[in-house]
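Here are the chains, one letter per residue:
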Amino acid sequence: MASRLLDLDPTSIGQVHGSDAKERPLTDKAESIREQRPKYEQSMFGMSSNGDRTFSHVRTNEPANPGSEAGLNRDEEGSFYSYNSTRDVRLFVKEMHGRIWNSLNETYVLPSDDTEWNRLDKQHLAHIIGLGGLYPYPEQVEAVLAPVEGTTKCILDVGCGTGSWVLEMAERFPHTLVTGVDLAPTPLDAAHFPSNLRIEIDDINLGLSHFYGQFDLVHMRSVQSGIHDIDKTLSDLFLCLKPGGILIIVDGGIHFLRDLGTFGRMRRVDGDEEDATATSEDGSWFNRIHWEVSRACQIAGASVDRSHEVLSAGLWDHPFSEPGSVASGSYLFPVGPWAQGNNVAQNQQLHYGGLLMRQSLMNIHRAFHSILLRHGMTQDVLDAWSQEIDQGEC
Ligand SMILES: C[S@@+](CC[C@H](N)C(=O)[O-])C[C@H]1O[C@@H](n2cnc3c(N)ncnc32)[C@H](O)[C@@H]1O
């Protein structure tokens, strides 16, 4: 693969590399994703429609003390745990501040519940618009996944969330085996589960040595706030590849920009002067809350800043990447339907991408409350900030 940068600027959002964005209208896609998602309590999670177990490999021990990382007794090679009922699934989640959270990793900032899954659906569709498909460089990806007699092509998605990406990949490449891993149970209905897809529950911070050398394509999207040591995780992801395999990492920053290239300032609050953070009377409440979350993540042990640094620098110099085979790029999303492109198709892509991203972000700030409450902020302050964001004072 030649070295080159993806040419994705705000007006290039939606340039279609693959054909998936054209296959079905986005609203149909969102609807079909929702249809596949019953609540945990109603789900046949872990069972196929005829009662056979489909998730026979769930790579974690039953947490001795669900709700605490310390309670997880997992050996280095990983033990495979099969769970038989939705009762077992509940061992992997807990309730806190009115939301449902994974039980394995307390540093990950977002919940695992219906509200979050609806938000992730929108973000998934926005990514499809931004990238022009499920993945960049379709030619290279499709070449590496092309069937070869005598071998099985394998795909790994770490932090698979709602399972939208793995499900679409399993359907699009039925000859492959697709594995999704997440901290929390993935809300897919087993009745709609393709036989070439399996989901495991695990914390990738604990190592991926059991997967080394097995995958043709490894994918990680929007997982950085759950990663403790990005350098270790990156090496692990590379080592999961077969020779010639492809690693794709997609991640984002969610600071609002005032204009292209200028970060919006944070809103001033009492006490800012003490720690000399950027302040402004006309700053953004969203940037304020997000800045507090980044700080909380770092205190909790997630290497968010280091992740940004590593991903912005690209993987050109990574000892495991093949020289000349690395590419990186970025795209900006308008947060709303206002942006204009150069033609009708671009206008539509900017319009829908912007709408989806706005809905996704307008939902996320309340999900941030939990980690900020744990870091000493009060509910009154957080409610006041979120109200300002809801009222459009972003
Ligand atoms: C923002 S969501 C993105 C989901 C999906 N990749 C997507 O793009 O739609 C991040 C997901 O990564 C999972 N995650 C975060 N840290 C993780 C870790 N250390 N190990 C496994 N999964 C993790 C979370 O549980 C969550 O489902």
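Refer to the structure printed above.
Everything numeric in this text was worked out from a predicted model, so none of it was measured. (Residues numbered from 1 in each chain as written. Predicted model: local features only at pLDDT ≥ 70, side-chain atom pairs only at ≥ 80, totals over all residues.)

**Q** Which parts of the structure should I look at to understand the pairing of strand β3 (residues 99-102)?
**A** Side chains on a regular strand alternate between the two faces of the sheet. As judged from the four bridges shared by strand β2 (residues 93-96) and β3, these two strands associate in the antiparallel manner. Within β3, the position partnered with Val93 by the bridge is Asn102. Hairpin connection between β2 and β3: a loop of two residues separates the two successive antiparallel strands, and His97 in this loop has a positive phi of roughly 50°. (Pairing = 2+ DSSP bridges. Helix = DSSP H or I, 4+ residues; strand = E, 2+ residues; numbered from the N terminus.)

**Q** Teacher, can you tell me more about the packing of helix α9 (residues 285-300) against helix α13 (residues 379-390) here?
**A** The description of two packed helices rests on the angle between their axes and on the distance between the axes. Axis separation between α9 and α13 bottoms out at 9 Å; the angle between their running directions is 140°. With respect to α13, the axis of α9 lies oblique. α9 and α13 meet at a crossing whose hand is left-handed. Each of Trp285, Phe286, Arg288 and Ile289 in α9 lies in contact with α13, whose residues at this interface are Trp385, Glu388 and Ile389. Tallied by class, the residues present in the contact of α9 with α13 amount to five nonpolar, no polar and two charged. (Axes fitted to C-alpha atoms, helices over the stretch in contact; angles between N-to-C directions. Parallel < 35°, antiparallel > 145°, perpendicular 65-115°, else oblique. Left-handed = near helix turned anticlockwise from the far one by under 90°. Contact = placed C-beta atoms within 7 Å. Nonpolar A, V, L, I, M, F, W, Y, C, P; charged D, E, K, R; others polar.)

**Q** What should I look at first to understand the site of the ligand in this one?
**A** With respect to spatial proximity, 25 residues lie near the ligand, and among them Gly159, Gly161, Ile204, Arg221 and Gly226 are the closest. Tallying contributions element by element places helix α4 (residues 114-131) first for the shell around the ligand, with three residues. The class makeup of the residues in the shell around the ligand is 12 nonpolar, 10 polar and three charged. (Near = placed C-beta within 6 Å.)

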